[in-house]
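# An overview of the molecular structure
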Amino acid sequence: MDTDLGRQLGENLKQLRRERGLTLGQLAALAGLSKAMLSDMEKGGANPTVNTIWKLANGLKVPYTRLLEGEAPAATLVRGADLRPQTEGDGHYRVYCAFPGGGQRNFELFYMELDPQCAHTSAGHLAQPQEYVCLLQGQLVVETGGQGYTLAPGDALAFDSTQAHTYRNPGDTPVRGIVLNYFPS
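Residues numbered from 1 in each chain as written. Predicted model: local features only at pLDDT ≥ 70, side-chain atom pairs only at ≥ 80, totals over all residues. Heavy atoms only, no water.

### A closer look at the overall build of the protein chain
Looking only at helices and strands, the protein chain features four helices and ten strands. Since a compact globule built from 185 residues should have a radius of gyration of about 16 Å, the 16 Å found for the protein chain is in line with a globular shape. Summarising its shape, the C-alpha atoms of the protein chain cover approximately 45 × 35 × 35 Å along the three principal directions. Counting over 185 residues, the protein chain shows a buried share of 45%. Within the protein chain, contacts between residues separated by at least 24 positions form 64% of all contacts whose residues are at least 6 apart in sequence. (Helix = DSSP H or I, 4+ residues; strand = E, 2+ residues; numbered from the N terminus. Rg over C-alpha atoms; globule rule 2.2 N^0.38 Å. Buried < 20%, exposed > 50% of the residue type's maximum accessible area, 1.4 Å probe, protein only. Contact = heavy atoms within 4.5 Å.)

### Quick word on the sheet that holds strand β4 (residues 119–122)
The antiparallel open sheet is built from four strands, whose spatial order is β4-β9-β6-β7. Strands with a single pairing partner mark the edges of an open sheet, and in this sheet they are β4 and β7 (147–151). Taking the axes of each pair of neighbouring strands and ignoring which way they run, one obtains an average angle of 15 degrees across the sheet. With four bridges joining them, strand β6 (residues 140–144) and strand β9 (residues 165–168) adopt antiparallel strand pairing. Opposite V142, over in β9, you have Y167 as the bridge partner. (Pairing = 2+ DSSP bridges. Axes fitted to C-alpha atoms, helices over the stretch in contact; angles between N-to-C directions.)

### Quick notes on the pairing of strand β8 (residues 156–160)
Within a regular strand, the side chains alternate between the two sheet faces. Covered by surrounding structure in β8 are L157 and F159 only, the residues A156, A158 and D160 on the alternate face being uncovered. Examined bridge by bridge, strand β5 (residues 130–137) and β8 share five bridges and lie antiparallel to one another. For C134, the partnering residue across the bridge sits in β8 and is A156.

### Topic: helix α2 (residues 24–31)
Within α2, burial applies to L24, L27, A28 and A31. The buried residues of α2 occupy one face: seen down the axis, they fall within an arc of 105 degrees. What points out from α2, more than 90 degrees from its buried face, is the exposed set A29 and L30. Taken from the residues just after α2, G32 is the one with a positive phi, measuring 70 degrees. (Arc of directions from axis to C-beta.)

### Describing the packing of α2 against helix α4 (residues 50–60)
With their axes 8 Å apart at the nearest point, α2 and α4 run at an angle of 110 degrees to one another. The angle between α2 and α4 falls in the class roughly perpendicular. Across the interface between the two elements, L27, L30 and A31 of α2 pack against K55, L56, G59 and L60 of α4. Taken together, the residues that form the contact of α2 with α4 break down as five nonpolar, one polar and one charged. (Parallel < 35°, antiparallel > 145°, perpendicular 65-115°, else oblique. Nonpolar A, V, L, I, M, F, W, Y, C, P; charged D, E, K, R; others polar.)

### Quick word on the side chain of H120
For H120, the position within the fold is in strand β4. Residue classification places H120 among the buried positions, given a relative accessible area of 6%. If we skip the residues at most four places from it in the chain, H120 touches N51, E88, Y93, L114, H165, T166 and Y167.

### As for the pairing of strand β2 (residues 93–99)
Taken across its seven residues, β2 has six buried, putting it largely inside the fold. Taken together, the four bridges between strand β1 (residues 85–88) and β2 define a ladder with antiparallel strand orientation. When the bridges of β2 are listed, P85 appears paired with Y96. Two successive antiparallel strands, β1 and β2, enclose a turn made up of four residues, where G89 displays a positive phi of approximately 65 degrees.

What follows is the structure, encoded as structure tokens:
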């Protein structure tokens, strides 16, 4: 995570924690993270993983991208070259947030890449979210609710993402797709 993103995460984390009247210790218990890590994150000095940010989002009951967002302009043009990857699994899983949730937006939109012969498991998200995956390239197996769903380019899958779920690339080419997390009112 670059320093600007880390600083933004720290500012948002501190604001959200204070709005809820939580101490670092209370938030640490809610998110299942250490108090020292949270303190470091609030100071912009940590480099949290994707799953660590999900734990925070779940503990605070906010969309994942609420922790990363800055001031939103009236209209937003997102250039792929400007997106910053958030990585997991030694960089084998990468997500690029095009549109963060929060404010008037009740969804998050990501471009996702998963290297060949790799997998990524995500902890369940906030209460009531739905996840939508549209595969653009490769072959993707999504494991959720005790079942596996194999997607080919052009296929899409929607599922309840409150449960842990795994993206698995069994192929020899990278997987590329679009992931939308929807948070119904």
